[in-house]
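# Residue-level structure breakdown
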Amino acid sequence: MDKPTHLIEFETMLLGRHLYLNSPRAGGRLERSAYIVLSRIRMEGPMSIGQLSDAFGLDASTLNRQTAAMLRAHLVERIADPEGGIARKFRITAEGERRLDTHRRESVQGLERVMAGWEPEEVAAFAAYLKRFNTDIENLDERPWPRP
């Protein structure tokens, strides 16, 4: 690991592992794909398979499997396009909102435990670097993620 980018690759691999292993377990745990799709729908409102495909760069068959599982779990529901389009859209249900909120709250609590010894300025700087890193990836991929 003679270059900083080698170390970043290794550390981001571990970060993905740690985030999954330390994610919520009791009742609020969502599959990774459900967590990401629900988060996107919450930010943008109801979305069709085509819109989800464009947003994530995934084929429709992958998203059909993911949304079918989310429908079975009552996390989303199919609705007519509120804007009058032909394609049906997915909207988060009350159960989906509850599970997303629970998962996110428990994830934040886990991060707060990990960074309990950090100074507030260090946490803010880390958040800013992560945002910049993700934004640069999104710009290269031409798929920006909406932010609050």
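Refer to the structure above for everything that follows.
A short tour of the structure in this document, coming up. (Residues numbered from 1 in each chain as written. Predicted model: local features only at pLDDT ≥ 70, side-chain atom pairs only at ≥ 80, totals over all residues. Heavy atoms only, no water.)

In this section: helix H4 (residues 60–72). Here H4 is 13 residues long and its end C-alpha atoms lie 18 Å apart, about the 18 Å a rise of 1.5 Å per residue gives. On its buried side, H4 packs onto helix H2 (32–44), helix H3 (49–56), strand E1 (76–79) and strand E2 (89–92). Of the residues trailing H4, His74 is marked for its positive phi of about 65°. (Helix = DSSP H or I, 4+ residues; strand = E, 2+ residues; numbered from the N terminus. Expected span 1.5 Å × (residues − 1). Contact = heavy atoms within 4.5 Å.)

Right, let's talk about the pattern of salt bridges for a bit. On inspection of all chains with the given rule, the structure shows 8 salt bridges. Taking the shortest distance from any N to any O, the salt bridge between Arg40 and Glu44 comes out at 2.7 Å. Note that Arg40 and Glu44 are positioned in helix H2 at a spacing of 4 residues, about one turn of the helix. By relative accessible area, which is 5% here, Arg40 ends up buried. Of the residues examined, Glu44 reaches a relative accessible area of 42% and is grouped as partly exposed. When the shortest N-O distance is used, the salt bridge between Lys89 and Asp81 registers 3.6 Å. Taking the relative accessible area as the measure of exposure, Lys89 reaches 5% and is therefore buried. In this structure, a network of salt bridges that share partners links the residues Arg42, Glu97 and Asp101. (Salt bridge = Lys/Arg side-chain N within 4 Å of Asp/Glu carboxyl O. Buried < 20%, exposed > 50% of the residue type's maximum accessible area, 1.4 Å probe, protein only.)

Turning next to the packing of aromatic side chains. Inspection of the entire model under this criterion finds 2 aromatic pairs. Summarising the aromatic geometry, the rings of Trp118 and Phe126 are spaced 5.5 Å apart at their centres and angled 70° between planes, so their arrangement reads as edge-to-face. For Trp118, a relative accessible area of 35% corresponds to the partly exposed category. A residue is classified by how much of its surface remains accessible, and Phe126, at 36% relative accessible area, is partly exposed. In this structure, Arg40 packs its charged tip against the face of Phe56, placed 5.9 Å from the ring centre. In this structure, Arg40 packs its charged tip against the face of Trp145, placed 4.7 Å from the ring centre. (Phe/Tyr/Trp six-rings, centres within 6.5 Å; stacked < 30°, edge-to-face > 60°. Lys NZ or Arg CZ within 6 Å of the ring centre and 35° of its normal.)

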